[in-house]
Amino acid sequence: MSGLQFDLHTHSTASDGSLAPAELVQRAAACGIGVLALTDHDQTAGLSEAARAAREAGIEFVPGIELSVTWSHQTFHIVGLGIDPGCASLQAGIERISAFRHWRAEEIDRRLAKKGIHGALDGARGYAKGAILSRTHFAHYLVAQGHARDLRQVFKRFLVRNKPGYVPGEWASLEDGLAWIQEAGGLAVIAHPARYKISATRLRQLLKEFRELGGVGLEVVSGSHSRDDIISMANLSRRHDLVASAGSDYHGPENPYLGLGRLPTLPAECQPVWEHPDWGVTHNLG
Ligand code: AMP
Ligand code: MN
Ligand code: MN
Ligand code: MN
């Protein structure tokens, strides 16, 4: 397996990515990726299309998800790898998060309307095209309406804490999120760990609880990590006895971070998640 390029964190139009699942897989194969996970936010709807496309393209496919959880009043993302999307408790969890997303989208709309920005929900729905509603879809609409230059700026001005379109709220608990991933047969990995605004002490506390609840890995290599982030996350993963994952967090060609197939390799001292004893259980995705 060692010669293969792994990308274990990507998005499609089933959440806030801009490529359809099959298009994403074709592009990944063309970029030299040998093992690809699709990990849409709180959603598994793209997995069967992606699995089919991967069979045709001759690359290995890992069915995944990126779950939004709230731990100690802060949002964290947990990637589940090798999940069975047919798992009933996982789907019930997805339903719960979808209900929150739906309510939150209406609330974002109401808050933006108070600031004189009207039609944001309909606008966001136009970009989501029936997929789960994300802040990214609101961001695309606000940029198109001229409220900011690009996605980065629109988040900064409107969609983050203390800004007019920000809505606080509770995602799944860490405990529930990890239970759903494990019941679905998946391995849980903390996504882009260097990106959270969290003290070293609280991060250690999070990793300890995560591990106690059955979490196994840390995304040491991420499209949003610097070289220094990679080194410090590699050290942290070893100290906490967590395996290491690697994923671009690709959202499409206009992505502000890395393109596909350009991930740095995992530091040699890391234990890759694909060498975890429970890696590689495959599910029939039809
Ligand atoms: P949500 O899960 O709906 O709250 O939206 C979170 C998504 O917004 C993330 O997965 C990113 O894709 C996107 N996002 C968050 N912050 C930024 C940012 N500063 N610039 C661009 N996209 C962002
Ligand atoms: Mn996203
Ligand atoms: Mn994320
Ligand atoms: Mn992501």
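Residues numbered from 1 in each chain as written. Chains lettered and ligands numbered in written order. Predicted model: local features only at pLDDT ≥ 70, side-chain atom pairs only at ≥ 80, totals over all residues. Heavy atoms only, no water.

Asker: With reference to specific residues and values, describe the pairing of strand 6 (residues 187–190).
Answerer: The alternating pattern of strand 6 places L187 and V189 on one face and A188 and I190 on the opposite face, and all of these are buried. As paired strands, strand 4 (residues 74–81) and strand 6 are joined by 4 bridges and run antiparallel to one another. Residue L81 lies in a different strand from strand 6, and its bridge partner there is L187. Pairing analysis gives 2 bridges linking strand 6 to strand 7 (residues 217–222), with the strands arranged parallel. Considered in strand 7, the bridge of V189 is made with G217. Between the parallel elements strand 6 and strand 7, the chain passes through helix 8 (residues 200–212) in a crossover that is right-handed. (Buried < 20%, exposed > 50% of the residue type's maximum accessible area, 1.4 Å probe, protein only. Helix = DSSP H or I, 4+ residues; strand = E, 2+ residues; numbered from the N terminus. Pairing = 2+ DSSP bridges. Right-handed = clockwise from strand over helix to strand, strands pointing away.)

Asker: Before we move on, can you summarise the domain arrangement of the protein chain with the specific residues and values?
Answerer: Taken as a whole, the protein chain is organised into domain 1 (6–94 + 171–275) and domain 2 (104–159). Spacing between the C-alpha centres of domain 1 and domain 2 amounts to 25 Å. Domain 1 puts 11 residues into the contact, and the matching count from domain 2 is 8 residues. Summed over both sides, the interface between domain 1 and domain 2 buries roughly 640 Å², with carbon and sulfur atoms accounting for 56% of that surface. At the surface where domain 1 touches domain 2, the tally comes to 0 salt bridges. The interface formed by domain 1 and domain 2 contains 2 residue pairs in polar contact (both at pLDDT 80 or more). Its residues placed into classes, the side of domain 1 that touches domain 2 shows 4 nonpolar, 4 polar and 3 charged. (Domains from an automatic or database assignment. Contact = heavy atoms within 4.5 Å. Buried area = accessible area lost by both parts, 1.4 Å probe. Salt bridge = Lys/Arg side-chain N within 4 Å of Asp/Glu carboxyl O. Polar contact = N/O pair within 3.5 Å; in protein donor to acceptor, adjacent residues only side chain to side chain. Nonpolar A, V, L, I, M, F, W, Y, C, P; charged D, E, K, R; others polar.)

Asker: Summarise helix 7 (residues 174–183); cite the residues concerned and give the values.
Answerer: An α-helical turn contains 3.6 residues, so a residue and the one three or four places further along point in the same direction. When helix 7 is considered as a whole, its buried residues turn out to be L174, G177, L178, W180 and I181. All buried residues of helix 7 fall inside an arc of 160° around its axis, so they share one side. In this structure, helix 7 carries E175 and E183 as exposed residues pointing more than 90 degrees from its buried face. Packed against the buried residues of helix 7 are strand 3 (60–71), strand 4, helix 3 (88–114), strand 5 (172–173), strand 6 and helix 8. Following helix 7 by one or two positions, G185 adopts a phi angle in the positive range, close to 80°. (Arc of directions from axis to C-beta.)

Asker: Hey, could you go over the packing of helix 5 (residues 135–144) against helix 6 (residues 151–159) for me, with residue numbers and the actual values?
Answerer: Two elements in contact, helix 5 and helix 6, have axes whose closest approach is 9 Å; the angle formed by their N-to-C orientations is 105°. Here helix 5 lies roughly perpendicular to helix 6, going by the angle between them. Along its contact with helix 5, which presents R135, T136, F138, A139, H140, L142 and V143, the element helix 6 presents L151, V154, F155, F158 and L159. The residue inventory of the contact of helix 5 with helix 6, partitioned by class, reads 9 nonpolar, 2 polar and 1 charged. (Axes fitted to C-alpha atoms, helices over the stretch in contact; angles between N-to-C directions. Parallel < 35°, antiparallel > 145°, perpendicular 65-115°, else oblique.)

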